[in-house]
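Reading the structure
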Amino acid sequence: MPRPARRFALAQRPFQLLCAGFFVCGFHVVFISTHLPGFLQTEGLSATVGTTALALIGLFNIAGSYYAGLWGGKYPKPILLSAIYASRAVAISLFLFLPISAATVYVFSALMGLLWLSTVPLTNGAVASIFGVANMSMLGGLVFVFHRVGAFLGGWLGGLAFDALGSYDMAWKVSIALGVIAALINLPIKGRSIEHITAGAAGR
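As the structure is a prediction and not an experimental result, all values here were calculated from the model. (Residues numbered from 1 in each chain as written. Predicted model: local features only at pLDDT ≥ 70, side-chain atom pairs only at ≥ 80, totals over all residues. Heavy atoms only, no water.)

A word on the packing of helix α4 (residues 77-97) against helix α8 (residues 169-186). Here α4 crosses α8 at 160°, and the two axes come no closer than 8 Å. The pairing of α4 with α8 is recorded here as roughly antiparallel in orientation. Once α4 is placed against α8, the crossing between them reads as left-handed. Taken together, the residues of α8 that come into contact with α4 (itself represented by Pro78, Leu81, Ser82, Tyr85, Ala86, Ala89, Ile92, Ser93, Phe95 and Leu96) are Trp172, Ser175, Ile176, Gly179, Val180, Ala182, Ala183 and Asn186. In terms of residue class, the contact of α4 with α8 is made up of 13 nonpolar, 5 polar and no charged. (Axes fitted to C-alpha atoms, helices over the stretch in contact; angles between N-to-C directions. Helix = DSSP H or I, 4+ residues; strand = E, 2+ residues; numbered from the N terminus. Parallel < 35°, antiparallel > 145°, perpendicular 65-115°, else oblique. Left-handed = near helix turned anticlockwise from the far one by under 90°. Contact = heavy atoms within 4.5 Å. Nonpolar A, V, L, I, M, F, W, Y, C, P; charged D, E, K, R; others polar.)

Looking now at a nonpolar patch on the surface. Residues Tyr66, Tyr67, Leu70, Trp71 and Tyr75 make up a contiguous nonpolar surface patch of roughly 560 Å² in combined accessible area. For Trp71, the location among the structural elements is in helix α3 (residues 47-72). (Patch = residues over 30% accessible without salt bridge, like charges linked within 9 Å, V, L, I, M, F, W, Y side chains within 5 Å. Areas by Shrake-Rupley, 256 points an atom, 1.4 Å probe, with all protein chains shown as cover. Salt bridge = Lys/Arg side-chain N within 4 Å of Asp/Glu carboxyl O.)

Bringing the layout of surface pockets into the picture now. Taking a probe equal in size to a water molecule and rolling it over the atoms shows the remaining empty space. Estimated volume of the largest pocket: approximately 210 Å³. Around the largest pocket sit 13 residues that line it, and Gly64, Trp71, Ile84, Leu114 and Leu115 are the ones nearest its centre. For the lining of the largest pocket, the secondary structure elements donating two or more residues are α3, α4 and α5 (102-115). The greatest single-element share of the lining of the largest pocket, amounting to 5 residues, is contributed by α3. When the residues that make up the lining of the largest pocket are grouped by side-chain class, the tally is 10 nonpolar, 3 polar and no charged. (1 Å grid on protein atoms, 1.4 Å probe; cavity = no way out; pocket = protein on both sides within 12 Å on 5 of 7 lines; lining within 4 Å. Points joined across faces, edges and corners; volume = space filled by probe spheres on them.)

The next thing to look at is the packing of aromatic side chains. One pass over the structure, following the stated rule, counts 16 aromatic pairs. Judged by centre distance (5.0 Å) and plane angle (80°), the rings of Phe31 and Trp172 are edge-to-face. Placement of the pair is Phe31 in helix α2 (residues 13-42) and Trp172 in helix α8, with a sequence separation of 141 residues. Centroid distance Phe108 to Trp172: 6.3 Å. Interplanar angle 75°. Geometry classified as edge-to-face. In this pair, Phe108 sits in helix α5 while Trp172 sits in helix α8, placing the two residues 64 residues apart along the sequence. Taking the relative accessible area as the measure of exposure, Phe108 reaches 3% and is therefore buried. Grouping aromatic residues by their ring pairs yields a cluster made of Phe27, Phe31, Phe39, Phe95, Phe108, Phe162, Tyr168 and Trp172. (Phe/Tyr/Trp six-rings, centres within 6.5 Å; stacked < 30°, edge-to-face > 60°. Buried < 20%, exposed > 50% of the residue type's maximum accessible area, 1.4 Å probe, protein only.)

Another aspect to go through is the environment of Ser118. The topology assignment puts Ser118 in the loop between α5 and α6 (119-131). Judged by its relative accessible area of 2%, Ser118 falls in the buried class. For the pair Ser118 and Met136, spaced 18 residues apart in the sequence, the C-alpha separation amounts to 19 Å. In this structure Ser118 touches Asn61, Gly64, Ser65, Ala68 and Ile84, once residues within four positions along its chain are discounted. One polar contact links the side chain of Ser118 to the main-chain carbonyl oxygen of Leu114, over a distance of 3.3 Å. (Polar contact = N/O pair within 3.5 Å; in protein donor to acceptor, adjacent residues only side chain to side chain.)

The structure is reproduced here in structure tokens:
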């Protein structure tokens, strides 16, 4: 990707906010997929419940990703992203508030599956809508870098918190807070195209 276009995108507030939101997505995805089975065992549930929970997340992720992409063609993508991150925060909060049982775990897993990677088509779609498709491969990859940084921190800090505190309570609270923050920062994003990347700049 041409440097002028890359520098331009990184300097734009909508792109920065999309990157920050995708960072939260990575944190959630890897924290939950890595530490949910261990958390459930600390709550007295069997390893089978943990593996079934992950399987349900994967199953419902299919529908979540499909419908997110479908609705992203009809409704403003930043608003949908905000709704997804807010729904994650609510789902995690309710999961921790209610008594932990196999039934609540499976319902939570199904909900998280619907919200799992549904951010991917919406985030990439928002990038394409705002900056165009000429540089979509690099801009999409650049946004994904932030997702991977969040993923690393979600996996690492989840384990670090458990080792230091003896529970996952703090890590769950951080996940809820990040969900709220991601919901808020996606609201001001406008899906309008930014025309400042000229054909000449994109071609250099």
